[in-house]
Amino acid sequence: MIGSLSKARTLTRWLAVFLCCLLGCQPASDVSEEEHESHEHFPPHWPHTIFKASDRLNELISSSGSASPTDPTTPYQEFVDLVGWLPILAADSDLDRATFDRIDAACIEVQSKWQSSPTQDIQILTNDPKVRELNTWLADICRQEQDRIQKLFSNP
Amino acid sequence: MDISVMLWGSLVRMGQTLIAAGPTLLVGWLVAAIFERILGRDGTYRLFGGSSWRQLPQAWLLGMLLPVCSLGVIPVMIQMRRSGISGGTILAFGLTAPLFNPISVMYGLTLSDPIAIFVFCMGSLTVITVMGLLWDWLFPSSSMTSEPLPATPYGIRRVGAVALSMCQQAFSVSTVYIAIAVAGVGLLSMTLPSGCLQRAAGQSDPLAPVTMAGISTLAYITPMMAIVQIASMFQHGNSIAASFTLLVLGAGVNLGMLVWIVRNYRWRPTLIWLACLVLLVLGLSYGMDSPLKPKGIEEADHTHAFDVYCNPFSSETTGLVQSSVRILKESLHPEESVALSVCVLLLAAGALVVWLDPTNRCMTALITPSTKQVVLHEARLKDIVLPNSVIAVVTLIGLVLASVAACFLYYPPVSEIRQEMNAIEAEMVGAYNQGDWEKLEYWIPIQEDWSNKLVVSAYLRGRPLDRFTKLKLQVYMKKLELLEHAAEDQELEEAREYGRAGATAFQRLKKATE
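Here the structure is a predicted model, which means the values were calculated and not measured. (Residues numbered from 1 in each chain as written. Chains lettered and ligands numbered in written order. Predicted model: local features only at pLDDT ≥ 70, side-chain atom pairs only at ≥ 80, totals over all residues.)

Q: It is not clear to me how the overall build of chain B should be interpreted in this structure. Could you clarify?
A: A count of helices and strands for chain B gives 22 helices and zero strands. In chain B, the share of contacts with a sequence separation of at least 24, taken over all contacts with a separation of at least 6, comes to 88%. (Helix = DSSP H or I, 4+ residues; strand = E, 2+ residues; numbered from the N terminus. Contact = placed C-beta atoms within 7 Å.)

Here is the structure:
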C-alpha cells in the first residue's frame, strides 16, 4: 500500500514536470486571428494563372502595385507568396517540362537566398538582380505562351 | 436527429467497419492460432523477449511487421496474456500493431512530408515505450501464470490444428470484444450528426486535439486509413496535434480493447493507463504542433476526412434502406468481400465445432501424435521434421513478404493506373455535364484514391515521380476537390467549370507520366 502510494506520488510529480516542459515549448506569441483567417479554397491574392502572376510580379517590382483594398495582405507578403506559387501555377499550364524546370529552379534559388538573409523590406527583394532576371524572362515566356494560345484559337 | 437516421446511420458505419476489418481480422486469427498451436505458450513468451529488457523493443518490432488493425490485434493479445507475457508488453504490442505496418508507413512517406512521418513514428514509439514501462512499474504482478499446452505434432495434423484453432479463435471471447468495438463505432455515429466534424481539426483551433481524443477513442481506423487521413490533414493545413492524436488513439485504441483491459486488469489500472495515455498523447501532440506545421499550405476552412466517424445521413435523407445498401455495396471491394466471406465461414465453422464438439475431442485427436504413423512416414519419405519455432518464424516472415507482395498488387503499374483514371475521368465528364451528383460523389473519391496510388506505385517501382509530374498531380487533385465541393453544393455551373479544368489538368498529368 505504501509502495503504491509512493509510486502514485512519483507519477504525479513526473506528469507535472512533463506538463511544465510542454508549456515551455509553446510559441512565445500567438499568431493573430487575422493572420490565421481561412478562406474557402484560395487566398484572396491567389492569381489563378501564371500569366496573372507574372503581371502582378511585374507591377510589384515596378512599384506601381498596391495592395487590394479588400485584401489585408501586405505587398511584401504578396510578393513572397507569388514567387512561392510560381511552380504550381507553371504546372497548371501547358508550359513544357524544360520551362517548368527553369521556373522552379529560379524560384527555389531566390527563396533559399531570402531564407539565408531574411528581410521584411520589399524594396530589397524587388531590387535583387536574380528576381529582376526571373521577372523579365518569365514575362517573355508568358507572352510567347499567350501568343501560342491565341494562334491556336484563331487558326483551329 | 431522427431515430431511424441514427439507427440506419450507425448500422452503415458498423457494416463499413466490419468490411474494412475483414482482411486484418483474418490475419489476427491466423497469428493467434500460430501462437497457440505452433509456437506454444513457452515459444510465444520467448518470442516477446521473456522477462528480459527486450520485451518492449520486440513487441514494437513484431507489432510493426504484422498487418493487423485494432480489432485483429485482440485475439493476439488474448494469446499473449495466456502465454504469461507482462501487461506492459501486451499493451505496447496492442498499441503498435494497429498503428503501423510496412504498407502504411510507405504510403505515408509518399503522401506526406517524410520528416513528419518519421517524427510521428518516433512519437508513437515514445508513447508506447513510456506506457509499457509505466504499466510494468505500476502493476508489476499483472501477468498471468501460463499453462503449458501439449506440443502439436508435425505434418498435416499441425496444419489441421492451426485451421481448427483459427475457427475456435473466430468463435471465442475475442469476437465478443470485437463486437463491442464495432458497437462503439455505431454509438459514435449515433451521437455525431452528419458532417459535424468538418471544422473539428482547424489549425488555429487549440481544442482540436482534445476533440480528436474524445472521438478517436471510440472510432475505428485501419492503419492505412489513418495514414491517408493524416496525409489529407497535412495537405489541407489541419491541426498537426489533432493528426497525431488521431493516429495513436484512433488507430490504436477502441472500445473493445478497453473492455478487454478492464476485464483482465480491472478498472483502476485501466483508468490510470488510459488517463496517462491520453495525457501523454495530448502533451506530445501540442509539443509537435508548432515545429511540424507545414509551410506554405493555406488552411482549408473545412475537411471531409472525419465524415466517416459521423452519421452518414441527415434528417433530410430519404430512402434510408436503399441508401444504406448502396453505401455498403460501394464500400465492399473484391478483396474485402473475399476476406469477409472467409471470416463468416470461420465464425460459422467455429460455432459448429463448439456445438458438435464441446469437449474439444477434435483438437485432442489432432495434437496426439500417432507414433507408428510418424515412424512409417519418416522411413518412407525421408521427411525432414521442421521444429515448431522454424515453422512459426517462416510463417511470420511469410506474412510480411505477403504484405510486400500485396503492395505490388494493390499499387498496379503507373500505365495501368493511368488507364483506370482515364476511364473514370470519362465517367465524370458525363456526370458533371448532366448534374448527376450521386455519380460524381461516387467517382471522385475513387479517382482521388487512384491519384494517391499513382505516387506510391511509381515510388515502389523505383521510379518516383519528378517534381514536374508531382505538381501536375497536385493541380489535378485540387481541381478534383473543387469539383467535389461543387457536387456537394449541387452547383451545376461551378461543377462544369471545375470539371473542365480538371479534365485539362488530367490530360497534362497523363502526358507528364507517359
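Read on for the rest.
Q: For this particular structure, what's the right way to read the overall build of chain A?
A: Assigned secondary structure in chain A consists of six helices and zero strands. The linear arrangement of helices and strands in chain A, starting from the amino end, is α-α-α-α-α-α. Counting the 156 residues in chain A, one finds 17% classified as buried. Restricting the contact set of chain A to residue pairs at least 6 apart, pairs at least 24 apart contribute 66%. (Buried ≥ 20, exposed ≤ 12 C-beta atoms within 10 Å, placed from the backbone.)

Q: Is there a simple way to explain the packing of helix α2 (residues 50-61) of chain A against helix α3 (residues 75-91) of chain A in this structure?
A: How two helices sit against one another is set out by the angle between their axes and by the gap between those axes. Residues and elements named next belong to chain A. Two numbers describe how α2 lies on α3: the axes approach to 10 Å, and their chain directions differ by 150 degrees. For the element pair α2 / α3, the angle class is roughly antiparallel. Classified by chirality, the crossing of α3 by α2 is left-handed. Contacts from Ile50, Ala53, Arg56, Leu57 and Leu60 of α2 reach α3 at Pro75, Glu78, Phe79, Leu82, Trp85, Leu86, Leu89 and Ala90. Of the residues that constitute the contact of α2 with α3, the class distribution is 11 nonpolar, no polar and two charged. (Axes fitted to C-alpha atoms, helices over the stretch in contact; angles between N-to-C directions. Parallel < 35°, antiparallel > 145°, perpendicular 65-115°, else oblique. Left-handed = near helix turned anticlockwise from the far one by under 90°. Nonpolar A, V, L, I, M, F, W, Y, C, P; charged D, E, K, R; others polar.)

Q: Would you take a moment to explain α2 of chain A for this structure?
A: Note on helix geometry: an α-helix contains 3.6 residues per turn, so any two residues three or four positions apart are oriented the same way. Residue and element names in this part refer to chain A. Taking 1.5 Å as the rise per residue, α2 with 12 residues should run 16 Å; its terminal C-alpha atoms sit 16 Å apart, in good agreement. Those residues of α2 lying buried are Ile50, Ala53, Ser54, Leu57, Leu60 and Ile61. Seen along its axis, α2 keeps its buried residues to an arc of 125 degrees; they face one direction. Summarising the contacts, the buried residues of α2 are in contact with α3, α5 (122-126) and α6 (129-154). (Expected span 1.5 Å × (residues − 1). Arc of directions from axis to C-beta.)

Q: Explain the environment of Glu425 of chain B to me, please; I cannot follow it from the model alone.
A: Residue and element names in this part refer to chain B. Counting through the fold element by element, Glu425 comes out in helix α19 (residues 414-434). On the basis of neighbour counts, which here come to 20 C-beta atoms within 10 Å, the residue Glu425 falls in the buried class. In this structure the C-alpha to C-alpha distance between Glu425 and Gly502, which are 77 residues apart in sequence, comes to 8.8 Å. Apart from residues no more than four positions distant in its own chain, Glu425 is found in contact with Ala503 and Phe506.

Q: How should I be thinking about the confidence of the model for chain A in this particular structure?
A: Looking at chain A as a whole, the pLDDT averages 74, with 66% of positions reaching at least 70. Every residue in residues 22-39 of chain A scores below 50 in pLDDT, and together they form 14 contacts with partners more than four places removed in sequence or on other chains. (pLDDT = per-residue confidence, 0-100.)

Q: Explain the confidence of the model for chain B to me, please; I cannot follow it from the model alone.
A: Should pLDDT be low for a region, the predicted coordinates there are not to be read in detail. All names here are of chain B. The pLDDT averaged across chain B works out to 84; a share of 93% of its residues lies at or above 70. Considering each helix and strand of chain B separately, the mean pLDDT is smallest for helix α17 (residues 371-381), with a value of 57, and largest for helix α3 (residues 73-82), with 92. This prediction of the complex comes with two scores: 0.69 for pTM and 0.71 for ipTM.

Q: Where do I start with helix α13 (residues 267-292) of chain B in this structure?
A: Compared with an ideal rise of 1.5 Å per residue, which puts 26 residues at 38 Å, α13 of chain B spans 36 Å between its outermost C-alpha atoms and is within 8% of the ideal. Along α13 of chain B, the residues that are buried comprise Trp273, Leu277, Val281, Leu282, Gly283, Leu284, Ser285, Tyr286, Gly287, Met288 and Asp289 of chain B.

Q: Sorry, what's going on with unusual backbone geometry here?
A: Trans is the common state for peptide bonds, and a negative phi is the common state for residues other than glycine. Positioned with a positive phi, His48 of chain A is a non-glycine residue whose angle comes to about 70 degrees. Position of His48 of chain A among the secondary structure elements: in the loop between α1 (2-24) and α2. A tally of 10 C-beta atoms within 10 Å means that His48 of chain A is categorised as exposed. Of note, Asn360 of chain B is a non-glycine position whose phi angle comes to about 60 degrees, a positive value. If you trace the backbone, Asn360 of chain B turns up in the loop between α15 (334-356) and α16 (361-367). Judged by the 14 C-beta atoms lying within 10 Å of it, Asn360 of chain B is partly exposed.

Q: Could you clarify how one ought to interpret the packing of α3 of chain B against helix α8 (residues 173-191) of chain B in this entry?
A: All names here are of chain B. Interhelical geometry of α3 versus α8 gives an angle of 140 degrees and a closest axis separation of 9 Å. In this view, α3 runs oblique relative to α8, as classed from their interaxial angle. Where α3 crosses over α8, the handedness of that crossing is right-handed. Residues Ile74, Pro75 and Ile78 of α3 pack against Ser174, Tyr177 and Ile178 of α8.

Q: I'm lost on the environment of Asn452 of chain B in this one. Help?
A: You can see Asn452 of chain B is positioned in helix α20 (residues 437-460). For Asn452 of chain B, a count of 18 C-beta atoms within 10 Å gives the class partly exposed.

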